[in-house]
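Below, each chain spelled out in residue letters.
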Amino acid sequence: MILYAIPTPLGGSAAEALPPAALQTVRSLQDFVVENAKSARAFLKDAGCQPRELSIVEIGDEMEILLQPLRQGRALGLLSEAGCPAIADPGAALVEAAHREGFRVVPLVGPSSITLALMASGLEGQRFAFCGYLPREGEQRRKRIRELESRSRRENETEIFIETPYRNEALLEALVSTCSSSTLLCVAADLTLPSETIATRSIAQWRRQAAPVGRRPAVFLLLANPAG
């Protein structure tokens, strides 16, 4: 049996975000493990399913129980809140458990905020790393920023990270005050939405041109100048 990793829209409708083949697969499933049942039902209805006829279970610590449909011979769908499941997402544990029991895992085609941001950033696309969330505490966050900037400079590598929307401004302020003036920073917010903004500037330019991100889903990308 197969565990399908199903991307969900960053914004807009399911038909706009997923190709027809992926939507057809979603409509064929009866069992889903999801991050949030309410938003999952809204997505599944938009995708052409009848949520009341489906088994929708929120992900939790009991991974072994969540795999029960696969053991019973039924395919299973995994949904995150937005974008690709199992990337900065608790669904990774379910995927690992499925592999451990020998089930096949199939990722469906759909939107990824991380790759979309990298595509539009103009930063190094041959070498990059997704670093997840940075520390929340001020000094620890600045220390981590310095580490990532140093690695970026050493490896010529784009460092990619995200933040909870209500902490976007604090993270942007920390980046602008901590990084070297020549380091490039891209902030990509509200990807795929009409309100989408993507800006790549040097830290020196960010200091001169304050551009609030606001409480919007955002991806941050950093590339240090090898010369410092």
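Everything here concerns the structure above.
Residues numbered from 1 in each chain as written. Predicted model: local features only at pLDDT ≥ 70, side-chain atom pairs only at ≥ 80, totals over all residues. Heavy atoms only, no water.

1. Topic: the overall build of the protein chain
1) Next: The number of helices and strands found in the protein chain is 10 helices and 10 strands.
2) Next: Taken over C-alpha atoms, the radius of gyration comes to 19 Å for the protein chain, in line with the 17 Å a tight globule of 228 residues would show.
3) Next: Overall, the C-alpha framework of the protein chain stretches about 55 × 35 × 30 Å when taken along its three principal axes.
4) Next: Contacts spanning at least 24 positions in sequence make up 74% of the contacts within the protein chain whose residues lie at least 6 apart.
5) Next: Each charge class in the protein chain was averaged separately, 25 positive and 26 negative side chains, and the resulting centres sit 4 Å apart. (Helix = DSSP H or I, 4+ residues; strand = E, 2+ residues; numbered from the N terminus. Rg over C-alpha atoms; globule rule 2.2 N^0.38 Å. Contact = heavy atoms within 4.5 Å. Lys, Arg positive; Asp, Glu negative; His and termini not counted. Charge placed at Lys NZ, Arg CZ, Asp CG, Glu CD.)

2. What about the sheet that holds strand 4 (residues 76-79)?
1) Next: Taken together, the five strands give an open sheet; going across it, the order is 3-2-4-1-5, and neighbouring strands pair in parallel fashion. With one partner strand each, in any of the chains shown, strand 3 (55-58) and strand 5 (104-107) form the two edges of the open sheet. On average, each strand axis in the sheet is tilted by 25° relative to the strand beside it, whichever way the strands run.
2) Next: Across four bridges, strand 1 (residues 2-6) lies against strand 5 in parallel orientation. Its bridge partner being in strand 5, Leu3 is matched across the sheet by Val105. (Pairing = 2+ DSSP bridges. Axes fitted to C-alpha atoms, helices over the stretch in contact; angles between N-to-C directions.)

3. Remarks on the layout of surface pockets
1) Next: Counted as a void, the largest pocket has a volume near 630 Å³.
2) Next: Ala82, Ser113, Tyr133, Ile162 and Pro217 are the residues nearest the centre of the largest pocket, which is lined by 27 residues in total. (1 Å grid on protein atoms, 1.4 Å probe; cavity = no way out; pocket = protein on both sides within 12 Å on 5 of 7 lines; lining within 4 Å. Points joined across faces, edges and corners; volume = space filled by probe spheres on them.)

4. Overview of the pattern of salt bridges
1) Next: Across all of its chains, the model carries 13 salt bridges by this definition.
2) Next: The salt bridge involving Arg100 is made with Glu96; its shortest N-O contact spans 2.3 Å. Here Arg100 pairs with Glu96, and both are found in helix 6 (residues 91-100), just four residues apart, close to one helical turn.
3) Next: By relative accessible area, Arg100 is classed as partly exposed at 48%.
4) Next: Judged by relative accessible area, which is 43%, Glu96 ranks as partly exposed.
5) Next: As a salt-bridge pair, Glu149 and Arg153 come within 3.7 Å of each other at their nearest N and O atoms. (Salt bridge = Lys/Arg side-chain N within 4 Å of Asp/Glu carboxyl O. Buried < 20%, exposed > 50% of the residue type's maximum accessible area, 1.4 Å probe, protein only.)

5. Details of the pairing of strand 1
1) Next: In terms of burial, strand 1 is a largely internal element, five of the five residues being buried.
2) Next: Residues Ile2, Tyr4 and Ile6 of strand 1 are buried on one face, and the alternating residues Leu3 and Ala5, pointing to the opposite face, are buried as well.

6. Regarding the packing of aromatic side chains
1) Next: For the structure shown, the criterion picks out one aromatic pair.
2) Next: Ring centres 6.2 Å apart and planes at 5° place the aromatic pair Phe161 and Phe220 in the stacked group. On the criterion of sequence distance, the pair formed by Phe161 in strand 7 (residues 158-162) and Phe220 in strand 10 (residues 218-223) is long-range, its members being 59 residues apart. Across this residue pair, the class does not change: Phe161 and Phe220 are buried. (Phe/Tyr/Trp six-rings, centres within 6.5 Å; stacked < 30°, edge-to-face > 60°.)

7. What to know about unusual backbone geometry
1) Next: Despite not being glycine, Ala86 has its phi angle at roughly 75°, a positive value.
2) Next: On the basis of relative accessibility, which here comes to 28%, the residue Ala86 falls in the partly exposed class.
3) Next: The backbone phi angle of Asn156 is positive, close to 50°, even though this residue is not glycine.
4) Next: Along the chain, Asn156 turns up in the loop between helix 8 (138-155) and strand 7.
5) Next: Given a relative accessible area of 26%, Asn156 falls into the partly exposed group.

8. Topic: the environment of Leu193
1) Next: Along the chain, Leu193 falls in the loop between strand 8 (184-189) and strand 9 (197-202).
2) Next: On a C-alpha basis, the gap between Leu193 and Gly12 in space is 6.9 Å, while along the polypeptide they are 181 residues apart.
3) Next: Leave out the neighbours within four places in its chain, and Leu193 touches Leu10, Gly11 and Gly12.

9. Observations concerning the packing of helix 8 against helix 9 (residues 168-178)
1) Next: Running from amino to carboxyl end, helix 8 crosses helix 9 at an angle of 55°, the nearest separation of the two axes being 10 Å. Taken together, the axes of helix 8 and helix 9 are oblique relative to one another. The hand of the helix 8/helix 9 crossing is right-handed. Side by side, helix 8 and helix 9 meet where Arg141, Arg142, Ile145, Arg146 and Glu149 of the first sit next to Ala170, Leu171, Ala174, Leu175 and Thr178 of the second.
2) Next: Split into classes, the residues belonging to the contact of helix 8 with helix 9 amount to five nonpolar, one polar and four charged. (Parallel < 35°, antiparallel > 145°, perpendicular 65-115°, else oblique. Left-handed = near helix turned anticlockwise from the far one by under 90°. Nonpolar A, V, L, I, M, F, W, Y, C, P; charged D, E, K, R; others polar.)

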